[in-house]
Amino acid sequence: MNFKKVSNQIMLITYADSMGKNLKELEEILTTQVKGAIGGLHILPFFPSSADRGFAPMTYREVDPAFGDWEDIERLASKYYLMYDYMINHVSAHSPEYLDYLEKKDESEYRDFFIRFQDFWENGYPTQEQLEKIYKRKAGGPSVKAEFADGSSELIWSTFSSEQIDLDCTQPKVKEFIRKNLEFLAKHGAALIRLDAFGYATKKPGTNCFFLEPDLLKETQDMMAPYGIKALPEIHETYFTQLKLDARGYDVYDFALPLLVLQALYFGDAIYLKNWMKICPKHQFTTLDTHDGIGVMDTYHLLPDDEIDRTLERLYEISPVTKGISTKSSHTYFDAYQVNCSYFSALDEDENVYLLARAIQFFTPGIPMVYYMGMLAGVNDLELLKKTGGGRDINRRYYTKEQAEEAFMQPVVQKLLRMMELRNTHPAFDGELRILDSDPYTLSVCWSKEQEWAQLDADLRTKEWKIVYTEQGKEKTFA
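What comes next is a walk through the structure. (Residues numbered from 1 in each chain as written. Predicted model: local features only at pLDDT ≥ 70, side-chain atom pairs only at ≥ 80, totals over all residues. Heavy atoms only, no water.)

1. Describing the overall build of the chain
- Counting its regular elements, the chain contains 18 helices and 19 strands.
- Computed over its C-alpha atoms, the radius of gyration of the chain comes to 22 Å, within 12% of the 23 Å expected for a compact globule of 479 residues.
- When its C-alpha atoms are laid out on the principal axes, the chain stretches across 75 × 50 × 45 Å.
- Burial statistics for the chain: of 479 residues in total, 61% are counted as buried.
- Taking all contacts inside the chain whose residues are at least 6 apart in sequence as the whole, residues at least 24 apart take part in 69%.
- If you sum the accessible surface of the chain, you get close to 19400 Å²; carbon and sulfur atoms cover 48% of it.
- Looking at charge distribution, the chain has the averaged site of its 54 positive side-chain charges lying 2 Å from that of its 74 negative ones. (Helix = DSSP H or I, 4+ residues; strand = E, 2+ residues; numbered from the N terminus. Rg over C-alpha atoms; globule rule 2.2 N^0.38 Å. Buried < 20%, exposed > 50% of the residue type's maximum accessible area, 1.4 Å probe, protein only. Contact = heavy atoms within 4.5 Å. Areas by Shrake-Rupley, 256 points an atom, 1.4 Å probe, with all protein chains shown as cover. Lys, Arg positive; Asp, Glu negative; His and termini not counted. Charge placed at Lys NZ, Arg CZ, Asp CG, Glu CD.)

Structure below.
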């Protein structure tokens, strides 16, 4: 079977059971409803997992039977270029490797897989100063108590939940474990591997233990190079990090764009957005929404602090439920880099403004990624939020096949799909970008290649906008 490779076409982000109950129903929906609107597909973790909706993998060798099997995945890989998640930082607390370690302790063949506090820290535990430096993701510090079969216990590094046990990526056996898993995924349809939680994968005493610029990224990329596959490291950091990675030839995420677009649309101000479009990496994947949230720390130094604050305050006014989850007053440090809210809700469910936001994304350098909630103009799912109590679930609605088909009938969704098809098929987007001179309140950007061009003109105060483009020499308008 021939698998698709990465192309300059929009990638849809979805869980295996977000539009329909499994991979077969997802494929039916994509075939009948989405058609030419996407070229790629990021299927969020579809492996057997013990927590975090797939992000605590027990193995990468299986597809969760609730979703389907490898035949379903590979059939999709023959139609769309696929991105898989690889949780390079951790494995499930119910993985065979960790369970073997708990059973046999020092006699386990996996004893070097995990980071024991007694070995990592000089005195077996960090000082208060060392602990305060660590870039934490949960209260109490990055550890979990390992309970061994012999009755003993000790602290093991665990950045996220107790179901996600960190790996020691400096160990040769762990590197071999990573290599074998990546090679397996490469042979089963992956065109791109998303290195989830990559920033946490290397640690060193006395540092913040976050993105210490290890050789690990080059090593993983080299592992995949024989298969023509690239790595996409998931790192929430300031834009300096993304520019540095771009300069070294790595693809990166544009997590800054979502808040920049909100700021521009809320206040009719294109200054900061246009600056980012001029300096942003060219080999990037752009986002407005993802399964996590709207990034905040990613815009530090791109937006002044007071602009970040007033953008968030406006967001909380528009979407009051968000305030109970993610405001600075109630939001704890371990999740402070993002706001939980659907992007359509963040724009007050204004269809015209929402389509303008997508147009801005599609004209920004990089390959656009559209989250399934965004594609369906989904609003905040308050029922799921109340049911689970997890803030991120507000933007993780489960659509049955019938509900998804109904959502596709919305006029705003139909217009968005047509815009996505234009972005995928127009040759200008493989050319050069010009940001045209305009006042601080308007945005005019033009992509061109040879005789073909496409231009977005938008007044951010009135929210009037249009796309003018050529088709075999004739001008057409999408408005």
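Next comes the rest of the write-up.
2. Observations regarding the packing of helix 1 (residues 23-34) against helix 17 (residues 401-408)
- It is the contact of helix 1 with helix 17, at a shortest axis distance of 11 Å, that shows an interaxial angle of 20°. In terms of orientation, helix 1 lies roughly parallel with respect to helix 17. Crossing geometry of helix 1 relative to helix 17 is assigned as right-handed. Two secondary-structure elements touch here, helix 1 through Glu25, Glu28, Ile29, Gln33 and Val34 and helix 17 through Lys401, Ala404, Glu405 and Phe408. (Axes fitted to C-alpha atoms, helices over the stretch in contact; angles between N-to-C directions. Parallel < 35°, antiparallel > 145°, perpendicular 65-115°, else oblique. Left-handed = near helix turned anticlockwise from the far one by under 90°.)

3. Examining the layout of surface pockets
- If you add up the space inside the second largest pocket, you get close to 380 Å³.
- If you go around the second largest pocket, you meet 20 residues; those closest to its centre are Asn8, Lys282, His283, Gly366 and Ile367.
- Contributing elements (two or more residues each) for the lining of the second largest pocket: strand 11 (284-286) and strand 15 (432-435). (1 Å grid on protein atoms, 1.4 Å probe; cavity = no way out; pocket = protein on both sides within 12 Å on 5 of 7 lines; lining within 4 Å. Points joined across faces, edges and corners; volume = space filled by probe spheres on them.)

4. Looking at the sheet that holds strand 1 (residues 11-14)
- Taken in spatial order, the eight strands make up an open sheet running 9-8-3-2-1-14-11-10, and their pairing is parallel. With partners counted over all chains shown, the strands left at the sheet margins are strand 9 (230-233) and strand 10 (252-254), one partner each. With direction set aside, neighbouring strand axes in the sheet form an average angle of 30°.
- Of the pairings in the sheet, the one linking strand 1 to strand 2 (residues 40-43) comprises four bridges and is parallel in character. Of the residues in strand 2, the one forming a bridge with Thr14 is Ile43. (Pairing = 2+ DSSP bridges.)

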